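Secondary and tertiary structure notes
What follows is each chain in one-letter form.
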Amino acid sequence: MHLFVAAAVMAAALQSGSVAVGDPAPALAAVTPDGAAVAARWVKGDVGVVMFFATWCGPCHRALRELGAIRQTLGPHLRLVLVEAGDDPAEVRQFLAQNPIPEGAVVATDPSGTIRSRWGCKIIPSLFIIDGAGTVRYINHGWGETTQAHLLRRLHNVLGDTP
């Protein structure tokens, strides 16, 4: 019974107002935890990853570590925008000081939930792969044992190369 309820809640969360594969990526204008402006731009030949995470989320911590390994594998053609989902910017700064983030990643904050709402993000972590034309090519909700390998294959596919 509990599994059915959880599945129904997850299905409803994924369907209500979500961005879909093939849609243009919503605008991403935010601020860093230090207050600097962030605007994601997608560059032809590169792949963007937008991941919504929370400082308190265990699977998010794993996702950040594994995204670092993916970034090392793919190099500068992978652009990472990490959107912290709701904590106070001071808490985010403290988290970032104590936890490594992937090289080259830009961290934005979303204390009001406006960005999450625009992207239809209801599950943390959620990750969106964006191609160089600004189109959503893949969406992943949650993070588990096989996510890193699966995501790496998807990214190679979007980049048009083979692993």
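Quick caveat, the model's predicted, so the values are computed rather than measured. (Residues numbered from 1 in each chain as written. Predicted model: local features only at pLDDT ≥ 70, side-chain atom pairs only at ≥ 80, totals over all residues. Heavy atoms only, no water.)

Structurally, the position occupied by Asp46 is in the loop between strand S2 (37–39) and strand S3 (47–53). What makes Asp46 buried here is its relative accessible area of 11%. Looking at Asp46, its side chain comes within polar contact range of the side chain of His77, at 2.8 Å. With residues near it in sequence (within four places) discarded, Asp46 still touches Pro76, His77, Arg79, Ile130, Asp131 and Gly132. (Helix = DSSP H or I, 4+ residues; strand = E, 2+ residues; numbered from the N terminus. Buried < 20%, exposed > 50% of the residue type's maximum accessible area, 1.4 Å probe, protein only. Polar contact = N/O pair within 3.5 Å; in protein donor to acceptor, adjacent residues only side chain to side chain. Contact = heavy atoms within 4.5 Å.)

Here we take up the state of the cysteines. The term disulfide refers to a covalent linkage connecting the sulfur atoms of a pair of cysteines. Throughout the structure, instances matching the rule amount to 1 disulfide. Note that Cys57 is cross-linked by a disulfide to Cys60, the S-S spacing being 2.5 Å. Its torsion about the S-S bond being 80°, the disulfide of Cys57 and Cys60 is classed as right-handed. Free cysteine: Cys121, not disulfide-bonded; nearest cysteine sulfur from Cys60 at 9.1 Å. (Disulfide = S-S within 2.5 Å.)

Working definition: an aromatic ring pair is given by the centre-to-centre distance plus the angle between the planes. Summed over all chains, the structure comprises 4 aromatic pairs. Judged by centre distance (6.1 Å) and plane angle (35°), the rings of Phe53 and Phe95 are tilted. Remark: Phe95 occurs in helix H3 (residues 89–98) and Phe53 occurs in strand S3; sequence separation between them is 42 residues. The exposure classification of Phe53 matches that of Phe95, with both residues buried. In textbook terms, an aromatic cluster arises when at least three aromatic residues are bridged by ring pairs, as seen for Phe52, Trp119 and Phe128. (Phe/Tyr/Trp six-rings, centres within 6.5 Å; stacked < 30°, edge-to-face > 60°.)

For the rest of this paragraph, the subject is the nonpolar core. Here is a general trend for soluble globular proteins: nonpolar side chains tend to be buried in one another's company. Within the largest apolar cluster, 26 residues are counted, with the highest numbers of intra-cluster contacts made by Leu67, Ile129, Leu151 and Leu155. Listing elements by their share of this core, those giving two or more residues are S3, helix H2 (58–74), strand S4 (78–84), H3, strand S6 (126–130) and helix H5 (147–159). Take this core: its biggest share by element is 6 residues, from H2. Among residues more than four places away in sequence, those in contact with Leu67 are Met51, Leu80, Leu82, Pro102, Leu127, Trp143 and Leu151. By size, the runner-up hydrophobic cluster in this structure holds 16 residues, among which are Ala30, Phe52, Ala108 and Ile139. (Core = buried A, V, L, I, M, F, W, Y, C linked by side-chain atoms within 4.5 Å.)

Chain-level pLDDT for the protein is 84 on average; 87% of the residues reach the 70-or-more range. Element-level pLDDT for the protein is lowest in helix H1 (residues 2–15), with a mean of 34, against a maximum mean of 95 in S6. Here residues 1–16 is a poorly scored stretch, pLDDT under 50, and it has 6 contacts once near neighbours within four places are set aside; other chains count. (pLDDT = per-residue confidence, 0-100.)

With respect to the element layout, Thr55 can be found in the loop between S3 and H2. Residue Thr55 is classed as buried on the basis of its relative accessible area, which comes to 14%. At 2.2 Å, the side chain of Thr55 forms a polar contact with the side chain of Asp87. Those residues in contact with Thr55, other than ones at most four positions away along the chain, are His61, Glu84, Asp87, Glu91, Val92 and Phe95.

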